[in-house]
Amino acid sequence: MKQAEGGSAASPTSTATPASGASPGSDRADLRPENIQDAVIRLAGNSQDGIQTAGAFLARLAGRSDHDVMTYMTIPATISGGPSIFQVRIGSGEVLSAGDEADFLVAFYQHSYQDHLDFLREGGVLLYDSDNVEPNLDDKRFVYVGVPITGLTVEALGGTAKDKGKNIFVLGLISKIFNLDADKLKKLITEKFAGKDQSIVNTALMAFQAGYAYPVGNVLTKHYRFEHIPKPGGRAQITMDGNQALAYGLIAAGVRYGAGYPITPWSSIMETLRRELPKYDGIFVQAEDELGAVSLALGFSYSGYLAVTGSAGPGISLKAEAIGWASMAEIPLIVCNIQRGGPSTGLPTNVEQSDLHQAIFGSHGDSPRVVLAAASVEDCFYIAIEAARIARKYSTPVFILSDTSLATRIEAFDEPDLSKLMVDPKPDLTPREGGFKPYDLERITQHIPPGTRILDGKYPLIGGLEHDEMGHPTGSPKLHMAMTAKRRNKLRKLAEEIPVPEVYGDQEGDTLLVGWGSTYGPIHDAVKMGREHGEKIGALHLRHVHPLPNGLEKIFAKFKRVVTVEMNDQGLYGYGQLATILRARYCEPKIQSVTKTDGLTFRVKEILQGVFPGKFVSVRGYSPNRPVSGNGEQDVDVARAESIAQGAG
């Protein structure tokens, strides 16, 4: 925990003994709380315990309390469930990553304690269920707080509760320890279970109140309170995960139609659109398979309404043929790829950034498309608007790359000004003058919606065969060369209008970190920490990954080396997927990469250790993939604890 300026050390310094079923006799809950600016809270248990629900309540409360927040979760890939975590970092200032180590660990089971104790920082608080956990109290690095969580939950809710309600009981405990707004939390609980039987709401509130009333003052010498720092601008904050942000961004961008097929972790976008689009006179169709889904979406776009389809990597492979048709016919289309570990079924609930080459090159023939990558939950909203703008202007398929981390991560951000952002999606049916040619070689293709009157009566065709300027099929070698160049050159024109990303940190120096997608926060925190330790280091993050913005080579020239940070394999030739593209584009040997494929998000010190081997020591020596050379070659020292937590062990 980071203390507020002028305050004393934020971490508890006394060694508390495990609590028995203590009575409220000596409750010290009225002790003056200590102000803190930042805390990382990790809940470790099983997926069946509802720890994701409890963690999400904390995150949404932070958003409603004008704090910054970021979450990180792991869930098992098996239907039967298994070990799982939910980590939430709450801060009074800017929060860019979910935190390298926990200040406060809640362990529901013995395996939760054993697997995650090394992620608790020295001096941190271990809150454990004394009904299920026996910690080693001889280890004096931590503060131990034992609470019979299971027994007290059953006592509060009645014998039928069994293991149900422990998550909400713990939520009450945490609320008391951190002086959170109990009334707001109760309102969130009520909202969450609205529409269900009132007894469910009442039971949840009883569990929360029982946890909140527990006399933690008997075993903790301090309580905490997050310092409130008013945010500039005065806009209200909203709190959501990346998939929700992407879905609502599509709606704001004027997307009213789409089709998809369920697959983790894309499915929740599909469910949101299926629920919300009818409110805007639209529709989302669940197709019989992936090819049917993309074909339906293309039909919607052909009709004059920009449409969306999406999947994860395996589903995108099945859509490849139809996306090639969209490139040839120059039909605008948005394709969302919420990446996960691969290949094949791979790691369906783990994070990876290994579909970049698939998005850019994954088609037959020369099939140009645009590829964008969201950097944060907030950016998921705005990247959807950018994707729609480009798809319409350039009549092209546009990929949006997100990943499991962004899909499930919860963040708080300023509420978008929808009055300025909402797009009217109505197609233009104004009659066209004679001589209209959709595939005019001298301009970017703009189709007219079917049913639009053309005054000279000469209507064009649209199809997947090579064609002339009116869309009529042709086998002419000269026309195929000209049309291929036409489809390519519109992406070159797009590259001219893409702004060059700003460099964060040092504007010139020894090392430039380059990232894309969800690595944005850890990379920026790594630059902060590196500069604090005397490194001349900056960061550049790409939202437009294909085509690349013009002018990157001028930035690269200011640094002695350029290192991409990517969650994919170093490949046959020793470079991550983005590094491979940048080296091919700029023929620059100083471009290197740090990569990892353990299915986990990057930790800040892990990046620094990879970029500066031997200089930065990971937390208590832990490093999931320890780079041993500048090009990202790695050991296979995969972290057992979090691998097990994600169902990969």
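Here the residue numbering is sequential within each chain, running from 1 through the sequence in written order. pLDDT decides what is reported in this predicted model: residues at 70 or higher carry local features, side-chain atom pairs at 80 or more are listed and counted, and totals for whole chains, interfaces and linings draw on all residues regardless. Calculation of side-chain values draws on the structure's entire complement of heavy atoms; hydrogens and water are dropped beforehand.

Considerations on the overall build of the protein
Each helix and strand counted, the protein has 20 helices and 22 strands in total. Think of it in three bands: with a 1.4 Å probe and only protein chains considered, a residue is buried below 20% of the maximum accessible area for its type, exposed above 50%, and partly exposed in between. Per-residue burial for the protein yields a buried fraction of 58% across its 649 residues. For the protein, contacts bridging at least 24 residues in sequence account for 72% of all contacts bridging at least 6. Split by element, the accessible area of the protein, about 26000 Å² in all, is 52% carbon and sulfur. Strands here are runs of E lasting at least two residues and helices are runs of H or I lasting at least four, both read from the DSSP assignment and numbered beginning at the N terminus. When checking whether two residues touch, look at their non-hydrogen atoms; a contact exists if any pair is within 4.5 Å. Using a 1.4 Å probe, the Shrake-Rupley method yields the accessible areas, and only the shown protein chains count as cover for residues.

Quick notes on the state of the cysteines
Any two cysteine sulfur atoms within 2.5 Å of one another count as a disulfide. The tally for this structure, following the rule as stated, stands at zero disulfides. The cysteine Cys-380 is free of any disulfide, with Cys-336 supplying the nearest cysteine sulfur at 9.3 Å.

What to know about the environment of Arg-275
Here Arg-275 shows up in helix H8 (residues 267-276). The exposure class assigned to Arg-275 is partly exposed, which follows from its relative accessible area of 45%. Looking at Arg-275, its side chain comes within polar contact range of the side chain of Glu-276, at 3.1 Å. Contacts described as polar in this section are N or O atom pairs within 3.5 Å, which, within protein, must combine one atom able to donate a hydrogen with one able to accept it, while residues neighboring in sequence count only if both atoms come from side chains.

Digging into the pattern of salt bridges
For salt bridges, the criterion is a side-chain nitrogen of Lys or Arg within 4 Å of an Asp or Glu carboxyl oxygen. Per the stated rule, a full pass over the model turns up 26 salt bridges. Two residues, Arg-141 and Asp-139, come together in a salt bridge whose shortest N-O distance is 2.8 Å. By relative accessible area, Arg-141 is classed as partly exposed at 27%. Where Glu-330 meets Lys-490, a salt bridge forms, and the shortest distance between an N and an O atom there is 2.7 Å. Taken together, the residues span a long stretch of sequence, with Glu-330 in the loop between helix H10 (313-329) and strand E13 (333-339) and Lys-490 in helix H15 (residues 477-497) at a distance of 160 residues. Neither Glu-330 nor Lys-490 differs from the other in exposure class; each is buried. A single salt-bridge network, built from bridges that share partners, covers Glu-386, Arg-389, Lys-393 and Glu-497.

Here's the deal with the packing of helix H9 (residues 290-302) against H10
As a rule, the C-alpha atoms of each element are fitted with a line to give its axis, helices using only the stretch in contact, and angles between N-to-C directions run from 0 to 180 degrees. One way to put it is that H9 packs onto H10 with a least axis distance of 8 Å and a crossing angle of 35 degrees. Between H9 and H10 lies a crossing of right-handed hand. Residue-level inspection shows Glu-290, Leu-291, Ala-293, Val-294, Ser-295 and Leu-298 of H9 in contact with H10, the latter providing Gly-315, Leu-318, Lys-319, Ala-322, Ile-323, Trp-325 and Ala-326. Classes in brief: Ala, Val, Leu, Ile, Met, Phe, Trp, Tyr, Cys and Pro nonpolar; Asp, Glu, Lys and Arg charged; the others, Gly included, polar. Partitioning the contact of H9 with H10 into residue classes produces nine nonpolar, two polar and two charged. Throughout, a crossing is termed right-handed when the near helix is turned clockwise from the far one, and left-handed when it is turned anticlockwise from it by less than a right angle.

Quick look at the pairing of E13
The element E13 is extensively covered by neighbouring structure, given that seven of its seven residues are classed as buried. Of the two faces of E13, the one lined by Leu-333, Val-335, Asn-337 and Gln-339 and the one lined by Ile-334, Cys-336 and Ile-338 are each fully buried. Pairing between strand E12 (residues 307-311) and E13: four bridges, direction parallel. Residue pairing in the sheet places Thr-309 in a bridge with Val-335 of E13. As a crossover connection, the stretch from E12 through H10 into E13 is right-handed. Should DSSP find at least two bridges between two strands, the strands are regarded as paired. As defined by bridge partners, E13 adjoins strand E15 (residues 397-403) across seven bridges and the pair is classed as parallel. Bridged to Asn-337 within E15 is Leu-401. Crossover handedness is defined here as right-handed if the route from the first strand over the helix to the second strand goes clockwise, with the strands pointing away from the viewer.

Describing the side chain of Glu-290
The residue Glu-290 is located in helix H9 in this model. Glu-290 sits in the buried class, given a relative accessible area of 4%.

Some words on the packing of helix H7 (residues 242-252) against H8
Relative orientation of the contacting elements H7 and H8 amounts to 40 degrees, with a least axis distance of 9 Å. Judged by the inter-axis angle, H7 sits oblique to H8. The element H7 and its partner H8 pack so that their crossing is right-handed. Residues Asn-243, Leu-246, Ala-247, Tyr-248, Leu-250 and Ile-251 of H7 pack against Ser-268, Ile-269, Thr-272, Leu-273, Arg-275 and Glu-276 of H8. Here the contact of H7 with H8 is composed, by residue class, of seven nonpolar, three polar and two charged. Orientation is classified from the angle alone, with under 35 degrees giving roughly parallel, over 145 giving roughly antiparallel, 65 to 115 giving roughly perpendicular, and any other angle giving oblique.

Focus: the packing of aromatic side chains
Any Phe, Tyr or Trp ring, taking Trp's six-membered ring, that has another such ring centre within 6.5 Å forms a pair; planes under 30 degrees apart are called stacked, those over 60 apart edge-to-face, and the others tilted. Following the criterion strictly, the structure yields 10 aromatic pairs and no others. Where Phe-178 meets Tyr-224, the ring centres are 5.6 Å apart and the plane angle is 35 degrees; that geometry is what we call tilted. Linking Phe-178 in the loop between helix H4 (166-177) and helix H5 (182-192) with Tyr-224 in strand E8 (residues 224-226), this pair joins segments that are 46 residues apart in sequence. Tyr-224 carries the same exposure label as Phe-178, and that label is buried. An aromatic cluster is defined as three or more aromatic residues linked by ring pairs; in this entry it consists of Phe-104, Phe-178, Tyr-224 and Phe-226. Against the face of Phe-119 rests Arg-42, its NZ or CZ located 4.7 Å from the ring centre. One residue, Arg-583, lies across the ring of Tyr-575, its end atom 4.0 Å from the ring centre. A ring has a charge above it when a Lys NZ or an Arg CZ is no more than 6 Å from the ring centre and no more than 35 degrees off the ring normal.

A few points about H7
Owing to its 3.6 residues per turn, the α-helix brings residues three or four apart onto one side. Counting buried residues along H7, nine of its 11 residues qualify, which places the element largely inside the surrounding structure. Residues of H7 that are buried include every one of Gly-242, Asn-243, Ala-245, Leu-246, Ala-247, Gly-249, Leu-250, Ile-251 and Ala-252, and no others. If you check the start of H7, you find a side-chain oxygen 3.2 Å away from the backbone N of Asn-243, and it comes from Asp-241. Following H7 by one or two positions, Gly-254 has its phi on the positive side, about 90 degrees.

Observations regarding the sheet that holds E13
The mixed open sheet is built from seven strands, whose spatial order is E11-E10-E12-E13-E15-E14-E20. A single partner strand is all that each edge strand has here, and the edge strands are strand E11 (283-286) and strand E20 (544-546). The average angle at which neighbouring strand axes cross in this sheet is 25 degrees, direction not considered. Running over the sheet, H9 touches strand E10 (257-260), E11, E12 and E13 and is turned about 165 degrees from E12.

Considering the sheet that holds strand E17 (residues 504-505)
With mixed pairing, the five strands of this open sheet are ordered in space as E17-E19-E18-E21-E22. Both outer strands of the open sheet, E17 and strand E22 (591-595), are each paired with one neighbouring strand and no more. In the sheet, strand E21 (residues 559-566) pairs with E22 via five bridges, with the strands oriented parallel. Bridged to Glu-566 within E22 is Thr-595. Sitting on the sheet, helix H16 (residues 520-532) is in contact with E17, strand E18 (509-516), strand E19 (537-542) and E21, with an inclination near 170 degrees to E19.

Describing the nonpolar core
Judged by nonpolar contacts, the single largest core of 56 residues is most densely connected at Phe-104, Val-147, Ile-174 and Phe-178. The dominant element in this core, judged by the number of residues it contributes, is helix H1 (residues 51-64), at eight residues. Non-local contacts of Phe-104, meaning those with residues more than four positions away in its chain, are made with Val-40, Ile-41, Arg-42, Leu-120, Val-125, Leu-127, Ile-174, Ile-177 and Phe-178. Trp-266, Leu-273, Val-370 and Ala-407 belong to the second-largest nonpolar core, a separate cluster that totals 44 residues. We define a nonpolar core as any set of buried Ala, Val, Leu, Ile, Met, Phe, Trp, Tyr and Cys residues linked to one another through side-chain atoms lying within 4.5 Å.

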